[in-house]
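Secondary and tertiary structure notes
These are the residues of each chain, in order.
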Amino acid sequence: MAGPPPKPWPTGLTEQLEPRVRRVLAPNPSPYTYTGTQTYLVGSGGRVAVIDPGPDDPAHIDALMEAIGDAQVAAIMCTHTHRDHSPAAAPLAIRTGAPIVGCAPLVLDDSGPRADASFDRTYAPDRVLADGESMTGSDWTLTAVHTPGHTSNHLCFALEESGALFTGDHVMGWSTSVIVPPDGDMSAYMASLDKLQSREDRVYYPAHGPQINNPRQLVRGMIGHRRQRENQIVRLLSEHGPLTAAGFVPRMYKGLDPRLAGAAEMSVTAHLIDLERRGMVGRSQELWTAQ
Ligand SMILES: [Zn+2]
């Protein structure tokens, strides 16, 4: 995880990235959101889509309304329901009359508590897109690509006309994706990286951080990075004996921002659960053991 770039950031401004794609940065920078959440507007004609409307912040919603101008909003689309992505959907729907379309609401009771404080419980879509389903406007087609892992309901959206993929929090250039069990799932995340690796997208537009012009190279690197983390976990267990998840963090993350220690412990836990499923580690209460 990296620190943010030097200011100024383009908060509240509309940036044109390509003929059909514009971006507006929300005022919510943090160690988890980098410079803030980036909301994308897709479409150059009279009907646009809004991707990841962001936090329910009046200044951000005003900036989006200004960027929308006279266009009709065909859909407000959410990649997932973390609080920095979807809470502006409802107020924006009221102001524009547009439907909320995209990821499923989280199923909270299918196998115990799957939600934590970072989830937006207000999210209520008018239509859920399954993998491969599309929305269309005057000059755009956005197709859902189900990419569970960061969250179980995570979708990317592919802009068919230009080869761009809106990757939400699944793949970002500034940081690896945080996987928080039980809803975050490392096995699913790795499968979703493989899924992107098999596609031929030209550019990624993530919800945080700069656009990615070498998508396959970045995804390949991320798969390698996660495999290295796995190997490191297995090696630490064989060298040090049983460890708690927290016990791995100082050994694996040198120079970590202390504010991110909790997220690092969650990522280690996500790896351990994945390794346990594959029979490579065991556990006895809080202690993880070599197998
Ligand atoms: Zn997220």
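Everything here concerns the structure above.
These remarks concern the structure in this document. Since the model is a prediction, treat every value here as computed from it, not as a measurement.

This brings us to the overall build of the chain. In terms of helices and strands, the chain carries 6 helices and 14 strands. A compact globule built from 291 residues should have a C-alpha radius of gyration of about 19 Å, and the chain, at 19 Å, falls within 12% of that. Its C-alpha atoms give the chain principal-axis dimensions of roughly 65 × 40 × 35 Å. The burial tally for the chain puts 52% of its 291 residues in the buried class.

Moving on, we get to unusual backbone geometry. Residue P8 is bonded to the preceding K7 through a cis peptide linkage, with omega at 5°. For P8, the position within the fold is in the segment before β1 (14–18). Each neighbour pair has its own omega, and for P181 with P182 the value is 5°, a cis peptide bond. Inspection of the secondary structure assignment puts P182 in the loop between β11 (164–168) and α3 (186–197). Look at Y34: it is not a glycine, yet its phi comes out positive at around 60°. Secondary-structure assignment places Y34 in the loop between β2 (21–25) and β3 (38–42). For Y34, a relative accessible area of 13% gives the class buried.

A few words on the state of the cysteines. With the rule as written, the count across this model stands at 0 disulfides. No disulfide involves C103; its sulfur sits 5.7 Å from the nearest other cysteine sulfur, which is in C78. Looking at C156, it has no disulfide partner, and the nearest cysteine sulfur is the one in C103, 11 Å off. Given the relative accessible area of 0%, C156 is considered buried.

Spatially, 7 strands are ordered β1-β2-β3-β4-β5-β6-β7 in an open sheet, and the strand pairing comes out mixed. Edge positions in the sheet fall to β1 and β7 (127–128), since each of these pairs with one other strand and no more. Sheet topology note: the β3/strand β4 (residues 47–51) ladder contains 3 bridges and is antiparallel. In the sheet register, L41 faces β4, and the bridge partner there is V50. Packing of helix α1 (residues 58–68) onto the sheet brings it into contact with β1, β2, β3, β4 and β5 (72–78), and relative to β2 it is tilted by some 160°. Helix α2 (residues 89–96) contacts β4, β5 and β6 (100–102) of the sheet and is inclined by roughly 170° relative to β5.

Here the focus is the coordination of the zinc ion. Distances from the zinc ion to its protein donors, namely H80 (NE2), H82 (ND1), H150 (NE2) and D169 (OD), fall within the range 2.2 Å. For the zinc ion, the 4 donor atoms in the first shell make angles of 87 to 168° at the metal, so the coordination geometry reads as irregular. For the zinc ion, the single-chain donor residues occur in sequence as H-x1-H-x67-H-x18-D. Here the two residues H80 and H82 agree in accessibility, since each one is buried.

With that settled, the discussion passes to the packing of helix α5 (residues 245–252) against helix α6 (residues 261–277). Contact geometry for α5 and α6: axes closest at 9 Å, N-to-C directions at 110°. Relative to α6, the element α5 lies roughly perpendicular. Helix-helix and strand crossings are classified by hand; for α5 and α6 the assignment is right-handed. Here α5 contributes A245, A246, F248, V249 and M252 to the contact with α6, which in turn contributes A261, A264, E265, V268, T269 and L272. Residue classes in the contact of α5 with α6 are distributed as 9 nonpolar, 1 polar and 1 charged.

Time to look at the nonpolar core. Judged by nonpolar contacts, the single largest core of 41 residues is most densely connected at M77, L142, F157 and F166. Counting residues per element, this core draws most heavily on β5, at 6 residues. Grouped together as the second largest cluster of nonpolar side chains are 17 residues, L165, M190, L193 and I223 included.

Take the environment of G132 next. Locating G132 in the fold gives a position in the loop between β7 and β8 (134–136). On a C-alpha basis, the gap between G132 and V178 in space is 25 Å, while along the polypeptide they are 46 residues apart. Setting aside residues no more than four positions away along its own chain, G132 makes contact with T143 and A144.

Attention now moves to the pairing of β11. Most of β11 sits inside the fold, with 5 of its 5 residues counted as buried. Side-chain alternation along β11 places A164, F166 and G168 on one buried face and L165 and T167 on a second face that is also buried. Bridge analysis of strand β10 (residues 155–159) against β11 gives 3 bridges, and the strand direction is antiparallel. Pairing of F157 across the sheet is with F166, part of β11. Between β10 and β11, which pair antiparallel and follow one another directly, the connecting turn spans 4 residues, one of which, G163, has a positive phi of 80°.

Definitions and cut-offs
- Residues numbered from 1 in each chain as written.
- Predicted model: local features only at pLDDT ≥ 70, side-chain atom pairs only at ≥ 80, totals over all residues.
- Heavy atoms only, no water.
- Helix = DSSP H or I, 4+ residues; strand = E, 2+ residues; numbered from the N terminus.
- Rg over C-alpha atoms; globule rule 2.2 N^0.38 Å.
- Buried < 20%, exposed > 50% of the residue type's maximum accessible area, 1.4 Å probe, protein only.
- Disulfide = S-S within 2.5 Å.
- Pairing = 2+ DSSP bridges.
- Contact = heavy atoms within 4.5 Å.
- Axes fitted to C-alpha atoms, helices over the stretch in contact; angles between N-to-C directions.
- Donors = N, O, S within 2.8 Å, 3.2 Å for Na, K, Ca; no water.
- Tetrahedral: all angles 85-135°; square planar, octahedral: opposite > 155°, others 65-115°.
- Parallel < 35°, antiparallel > 145°, perpendicular 65-115°, else oblique.
- Left-handed = near helix turned anticlockwise from the far one by under 90°.
- Nonpolar A, V, L, I, M, F, W, Y, C, P; charged D, E, K, R; others polar.
- Core = buried A, V, L, I, M, F, W, Y, C linked by side-chain atoms within 4.5 Å.

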